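A structural walkthrough
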Amino acid sequence: MKITVRNLEPTKVRLTVTVDAEEFEPYLQEARKEIGKQVSIPGFRKGHVPARVLDRRVGFGAVAAEALNNGVPDLYNKAIEERDLRPMDQPKLDVKETPESADDDTKVKFTAEVEVRPKIELPSFDGVKVEVAQPAVTDEDVEQRLQNLRQRFGTLVGVDRPAAKGDFANIDLEATVNGESVDAQQGVSYELGSGTMLDGLDEALDGLSAGEETTFTSKLEGGDHQGEEAEVKVKVNSVKAEELPELNDDFAQDASEFDTLEELKADIRKACERDAEGRQATDARDAFIAFLQDNVEEIPLPKGILERSVEDHLKGLTPDPEKADDDTKKQAREGAEKELRDQITLDTLAETMKVEVSQADVMNFLASIAQQYGMDPNQFISSIIQSGQIASAVQEVARSKGLLAGMRAVEFVDPEGNTLDLSKFLGEDDNEADDEDASVAAASVAAQVADAAAQADAE
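Residues numbered from 1 in each chain as written. Predicted model: local features only at pLDDT ≥ 70, side-chain atom pairs only at ≥ 80, totals over all residues. Heavy atoms only, no water.

Describing the pattern of salt bridges
Across all of its chains, the model carries 20 salt bridges by this definition. Here Lys338 and Asp342 are joined by a salt bridge, their closest N and O atoms 2.7 Å apart. With Lys338 and Asp342 both in helix H9 (residues 326-352), this residue pair falls four residues apart, about one helical turn. In this structure Lys338 comes out as partly exposed when scored by relative accessible area, which is 48%. (Salt bridge = Lys/Arg side-chain N within 4 Å of Asp/Glu carboxyl O. Helix = DSSP H or I, 4+ residues; strand = E, 2+ residues; numbered from the N terminus. Buried < 20%, exposed > 50% of the residue type's maximum accessible area, 1.4 Å probe, protein only.)

Things to note about H9
Helix length check: H9 (27 residues) gives 39 Å between terminal C-alpha atoms against 39 Å at 1.5 Å per residue, within 8%. Thr328, Ala332, Ala336, Leu340, Asp342, Ile344, Thr345, Leu346, Asp347, Thr348, Leu349 and Ala350 are the residues of H9 that are buried. On its buried face, H9 is in contact with helix H7 (261-294), helix H8 (303-317) and helix H12 (390-408). Count one or two residues on from H9 and you reach Lys354, which has phi positive near 55°. (Expected span 1.5 Å × (residues − 1). Contact = heavy atoms within 4.5 Å.)

Here's the deal with the confidence of the model for the chain
Across the chain, pLDDT averages 88, with 92% of residues at or above 70. This stretch, residues 433-459, has a pLDDT under 50; its non-local contacts, to residues over four places away or in other chains, come to 63 contacts. (pLDDT = per-residue confidence, 0-100.)

A look at unusual backbone geometry
For Asp84, which is not a glycine, the phi torsion comes out positive at approximately 55°. Relative to the elements of secondary structure, Asp84 occurs in the loop between helix H3 (60-82) and strand E3 (92-97). Classification of Asp84 as partly exposed rests on a relative accessible area of 36%. Its identity is not glycine, yet Lys354 carries a phi of approximately 55°, on the positive side. With respect to the helices and strands, Lys354 occurs in the loop between H9 and helix H10 (359-372). By relative accessible area, Lys354 is classed as exposed at 70%.

A few points about the environment of Arg145
Here Arg145 shows up in helix H4 (residues 139-152). Accessibility expressed as a relative area gives 31% for Arg145, which makes it partly exposed. Residues Arg145 and Met375, 230 residues apart in the sequence, show an inter-C-alpha distance of 32 Å. Those residues within four positions of Arg145 in sequence are excluded, and the remaining contacts are Ile268, Ala271, Cys272 and Asp275.

Brief notes about the packing of H8 against H9
Packed helix pairs are specified by the crossing angle of their axes together with the interaxial distance, meaning the distance between the axes. At their nearest, the axes of H8 and H9 sit 8 Å apart, and the two run at 125° to each other. Accordingly, the angle class assigned to the pair H8 and H9 is oblique. Regarding H8 and H9, the two cross each other, and that crossing is right-handed. Residues Ile305, Leu306, Glu307, Ser309, Val310, His313, Leu314 and Leu317 of H8 touch H9, and the partners they reach there are Thr328, Lys329, Gln331, Ala332, Arg333, Gly335, Ala336, Glu337, Glu339 and Leu340. Its residues assigned to classes, the contact of H8 with H9 shows eight nonpolar, five polar and five charged. (Axes fitted to C-alpha atoms, helices over the stretch in contact; angles between N-to-C directions. Parallel < 35°, antiparallel > 145°, perpendicular 65-115°, else oblique. Left-handed = near helix turned anticlockwise from the far one by under 90°. Nonpolar A, V, L, I, M, F, W, Y, C, P; charged D, E, K, R; others polar.)

Points about the sheet that holds strand E2 (residues 12-19)
In spatial order, the strands read E1-E2-E4-E3; together these four strands make up an open sheet with antiparallel pairing. Bordering the open sheet on either side are strand E1 (2-9) and E3, each of which pairs with just one other strand. Between one strand and the next, the sheet's axes are offset by a mean angle of 20°, whatever the strand orientation. Two elements, E1 and E2, share seven bridges in a ladder whose sense is antiparallel. Each bridged residue has a counterpart across the sheet, and for Lys2 the counterpart in E2 is Thr18. (Pairing = 2+ DSSP bridges.)

A word on the nonpolar core
Among the nonpolar cores identified, the biggest contains 33 residues, and Phe125, Phe288, Phe291, Leu349, Met407, Val410 and Phe412 are the most heavily contacted of them. Where this core is concerned, the elements lending two or more residues are H7, H8, H9 and H12. Considering each element in turn, this core owes the most residues, six residues, to H9. The next biggest cluster of nonpolar side chains, apart from the first, holds 29 residues, and it includes Leu15, Leu28, Val53 and Phe60. (Core = buried A, V, L, I, M, F, W, Y, C linked by side-chain atoms within 4.5 Å.)

Regarding the packing of aromatic side chains
Each aromatic ring pair is described using two quantities: the centre-to-centre distance and the angle formed by the ring planes. Taken as a whole and judged by the stated rule, the model has five aromatic pairs. Taking 5.8 Å as the distance between ring centres and 55° as the angle between the ring planes, the aromatic pair formed by Phe125 and Phe288 counts as tilted. Taken together, the positions of Phe125 in the loop between strand E4 (108-115) and strand E5 (129-131) and Phe288 in helix H7 put the pair 163 residues apart, joining distant regions of the chain. Taking relative accessible area as the criterion, Phe288 reaches 0% and is therefore assigned buried. Consider the rings of Phe153 and Phe251, whose centres lie 5.9 Å apart with planes at 85°: the pair is edge-to-face. (Phe/Tyr/Trp six-rings, centres within 6.5 Å; stacked < 30°, edge-to-face > 60°.)

Written as structure tokens, this is what we have:
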């Protein structure tokens with residue numbers, strides 16, 4: 001088999017593969033065997049028809065077509081492996097030449113255009129120290145979490161006064177564009193000051209009492225008129241204020257298993273400290289990936305894959321990507337570029353660290369995802385296998401294991417140069433990480449360490 005590779009772009013190649021007759025012959029034989037099982041020829045049993053007889057009966061072209069359907073993808077994979085290329089997408093295959101008869105000595109020739117992972121040189125880990133900020137737990141952090149818990153036990157009480165920040169108003173909304181009603185909602189509960197609905201709504205509601213209404217102008221966030229300026233009429237049906245319980249020992253007993261408020265605060269501080277450790281592990285992950293990318297000259301991104309990724313990010317940011325504004329498009333592109341750059345970095349890291357992915361690794365990974373979404377693990381795994389997604393799962397696990405192995409190969413320090421112990425999240429060795437971290441990885445490998453941190457918090 002003769003293989004030539006032409007670089008079309010930094011991340012796209014065209015392979016031209018020429019296959020000798022003897023190398024293509026097994027695919028012809030297999031094709032004849034399969035076709036022979038499906039046709040009846042007098043005087044011969046199915047599956048036992050001589051090649052020349054079968055070629056005359058069904059036509060050599062049909063045999064060659066079946067052989068090409070099975071052989072070209074297989075030969076393409078061999079060519080990719082021989083030339084040490086890492087495809088990131090499905091190839092565009094084009095058969096250029098093929099023999100017209102069994103006696104024709106024309107060689108099979110096809111081309112394959114495919115986007116490939118760029119080859120990048122990662123830095124050495126010897127003696128590397130990666131600095132990570134030391135997260136601190138303040139009294140304000142404890143107080144904020146205590147207030148959040150307090151709000152969970154709060155009640156809403158109707159008040160006979162104008163609405164103010166922090167109040168909950170029951171409102172009716174109607175939006176019009178050029179005098180035509182385009183959207184209307186009734187009985188919506190809204191917290192003043194939350195900023196979770198239309199721009200200008202907080203200012204419009206501030207000072208209104210039950211039964212009063214006003215209008216304001218705002219840009220619509222969704223629907224057929226997304227991005228258009230609309231006149232919005234809002235009417236206040238009722239105003240309620242949040243009434244919070246007093247912070248005392250009685251509250252501690254109602255809201256927790258503790259008898260005193262001081263005991264509850266101490267437990268909340270411990271929870272804040274665990275969260276801080278998790279944030280530090282996430283910061284360490286980000287700092288490690290940044291270290292890798294900062295020490296690589298350039299990471300070219302495959303254009304086709306990038307554009308599809310941008311489209312996917314846009315769909316996640318807006319219900320109508322075609323009407324997305326420039327800021328949203330910029331956000332989608334930046335997110336897609338970072339995601340693709342991280343994937344290339346982590347794939348290269350997995351190869352550099354020579355990670356191996358076992359069947360148990362993949363099964364644990366898929367089972368953990370099924371558990372997160374409340375699905376039956378066996379059914380989920382079967383659907384992944386049937387849909388041909390198992391290779392993607394293997395790749396995800398390899399990235400995860402490579403990330404953990406790479407992070408264990410460097411030293412993380414705080415701004416004062418003190419060594420940080422992240423073994424709780426990274427594991428002491430590969431086997432431990434497999435059990436406690438890699439199998440808990442979510443669909444996004446870049447969030448793997450954060451998932452491990454969340455698991456540690458839950459424990």
